[in-house]
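What follows is each chain in one-letter form.
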Amino acid sequence: MFIGLDIGRFAGLGGPEDSRRELRQLGVSYPAAPVPDIQTVQGLQVVALPSSYFITRDGRISKKWTGILNKAKLTELVEKLLLE
């Protein structure tokens, strides 16, 4: 499952409506919601956008990817995680 977290207001990129508009323009179809507070952003250690996190069922971050994630890279990362 993919879930998007909008940190735009904490990164100087506008508010939730700006993010919704951007997601529509990009054709993003997975659910996305605004991050409630700066502590969440700090806890995830977001240093650049976009950032992708692979989280286990028990809530542990097993892999982090910073930068654009295309289909080939996503496939590579998921295949490696499945082997672990």
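Everything that follows concerns the structure shown earlier in this document.
Please read these numbers as outputs of a predicted model, since none were measured by experiment. (Residues numbered from 1 in each chain as written. Predicted model: local features only at pLDDT ≥ 70, side-chain atom pairs only at ≥ 80, totals over all residues. Heavy atoms only, no water.)

*Asks:* Residues and numbers for helix α3 (residues 71-83), please.
*Replies:* Relative to the 18 Å expected for 13 residues at 1.5 Å per residue, α3 spans 18 Å between its end C-alpha atoms, a close match to the ideal helical length. Sitting at the amino-terminal end of α3 is N70, which places a side-chain oxygen 3.3 Å from the backbone nitrogen of A72. (Helix = DSSP H or I, 4+ residues; strand = E, 2+ residues; numbered from the N terminus. Expected span 1.5 Å × (residues − 1). Polar contact = N/O pair within 3.5 Å; in protein donor to acceptor, adjacent residues only side chain to side chain.)

*Asks:* Account for a nonpolar patch on the surface, naming residues and giving values.
*Replies:* Together, M1, I3 and L5 give the surface a local cluster of nonpolar side chains, amounting to about 420 Å² of exposed area. Note that L5 resides in strand β1 (residues 4-6). (Patch = residues over 30% accessible without salt bridge, like charges linked within 9 Å, V, L, I, M, F, W, Y side chains within 5 Å. Areas by Shrake-Rupley, 256 points an atom, 1.4 Å probe, with all protein chains shown as cover. Salt bridge = Lys/Arg side-chain N within 4 Å of Asp/Glu carboxyl O.)

*Asks:* Could you give an account of the pattern of salt bridges, naming the residues involved and the relevant values?
*Replies:* For the structure shown, the criterion picks out five salt bridges. For R20, the salt bridge identified is with E17, shortest N-O distance 3.1 Å. Taken together, the residues span about one helical turn, with R20 and E17 both in helix α1 (residues 16-26) at a distance of three residues. R24 is paired through a salt bridge with E17; the nearest N and O atoms lie 3.6 Å apart. Connected through salt bridges with shared partners, the residues E17, R20 and R24 form a single ionic network.

*Asks:* Requested: an account of the pairing of strand β4 (residues 61-66), with residues and values cited.
*Replies:* In this structure, strand β3 (residues 51-55) lies alongside β4, joined through five bridges in antiparallel fashion. Residue pairing for β4: F54 is matched across the bridge by K63. Linking β3 back to β4 in an antiparallel pair, the connection comprises five residues, with G59 at a positive phi of about 90°. (Pairing = 2+ DSSP bridges.)

*Asks:* Go over the environment of I38, please, and point to the residues and values.
*Replies:* One can find I38 in helix α2 (residues 38-44). Between the alpha carbons of I38 and S52 there is a distance of 17 Å; along the sequence they are 14 residues apart.

*Asks:* Let's hear about the environment of A33: which residues, and what values?
*Replies:* Summarising the element assignment, A33 is placed in strand β2 (residues 32-34). With relative accessibility at 36%, the residue A33 sits in the partly exposed group. On a C-alpha basis, the gap between A33 and V78 in space is 23 Å, while along the polypeptide they are 45 residues apart. With sequence-adjacent residues up to four places away left out, A33 is seen in contact with G4, L5 and D6. (Buried < 20%, exposed > 50% of the residue type's maximum accessible area, 1.4 Å probe, protein only. Contact = heavy atoms within 4.5 Å.)

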